[in-house]
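The residues making up each chain are set out below.
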Amino acid sequence: MLSKRLLLTLLVLVLALILAACGGADQPAPVEEAAPEEAAPEEAAPVEEAAPEEAAPEGEKVTLTIDSWRNDDIPIWQDVIIPAFNEQYPEI
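Reading the values: the criteria
Residues numbered from 1 in each chain as written. Predicted model: local features only at pLDDT ≥ 70, side-chain atom pairs only at ≥ 80, totals over all residues. Heavy atoms only, no water. Helix = DSSP H or I, 4+ residues; strand = E, 2+ residues; numbered from the N terminus. Buried < 20%, exposed > 50% of the residue type's maximum accessible area, 1.4 Å probe, protein only. Areas by Shrake-Rupley, 256 points an atom, 1.4 Å probe, with all protein chains shown as cover. Phe/Tyr/Trp six-rings, centres within 6.5 Å; stacked < 30°, edge-to-face > 60°. Salt bridge = Lys/Arg side-chain N within 4 Å of Asp/Glu carboxyl O. Expected span 1.5 Å × (residues − 1). Bend = angle between axes of the 7 residues up to and from the residue. Patch = residues over 30% accessible without salt bridge, like charges linked within 9 Å, V, L, I, M, F, W, Y side chains within 5 Å.

## Structural notes on the overall build of the protein
Then comes step 1: For the protein, the helix and strand inventory stands at 2 helices and 0 strands.
Then comes step 2: Within the span of the protein, comprising 92 residues, buried residues form 0% of the whole.
Then comes step 3: Per element, the accessible surface of the protein, about 9900 Å² overall, is 59% carbon and sulfur.

See the structure below:
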């Protein structure tokens, strides 16, 4: 049979592990949302497409590589998504 000192040490160790597992990480307090002010509804501004930061020189073909681990998606990529993308952006 185990000695009392060993049992006490194991008990303290188990309690320390339980307390460590129950302790949460420091999390910020949730931010309360302010009540919306009553104001006249604003009209939605038209959305403008952002210009690419760095475009390829005119006439230069660009290659886009798409990688996925889902083999089940291959038909939709080949038959739907990539052809639609190529219609919109024939230079890529």
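More follows now that the structure is in view.
## Details of the packing of aromatic side chains
Then comes step 1: Under the defined criterion, the tally for this structure stands at 1 aromatic pair.
Then comes step 2: Ring centres 5.0 Å apart and planes at 40° place the aromatic pair Phe85 and Tyr89 in the tilted group.
Then comes step 3: A residue is classified by how much of its surface remains accessible, and Phe85, at 29% relative accessible area, is partly exposed.

## Some details on the pattern of salt bridges
Then comes step 1: As enumerated under the stated definition, the model contains 1 salt bridge in all.
Then comes step 2: Among the ionic pairs, Arg70 bridges to Asp73, the shortest N-O distance being 2.8 Å.

## Remarks on helix H2 (residues 74–88)
Then comes step 1: An ideal rise of 1.5 Å per residue puts 21 Å on 15 residues; H2 measures up with 20 Å between its terminal C-alpha atoms.
Then comes step 2: Considering bend angle alone, the principal kink of H2 is centred on Ile81 and spans about 35°; proline Pro83 follows within four residues of it.

## Side note on a nonpolar patch on the surface
Then comes step 1: A contiguous nonpolar surface patch, about 550 Å² in accessible area, is contributed by Leu8, Leu11, Val12, Val14, Leu15 and Ile18.
Then comes step 2: For Leu15, the position within the fold is in helix H1 (residues 4–22).
Then comes step 3: The class of Leu15 is partly exposed, set by a relative accessible area of 47%.

## Some details on the environment of Glu58
Then comes step 1: Structurally, Glu58 can be placed in the loop between H1 and H2.
Then comes step 2: Sequence separation between Glu58 and Glu91 is 33 residues; the distance between their C-alpha atoms is 9.2 Å.

Nothing here speaks to function; it is geometry throughout.
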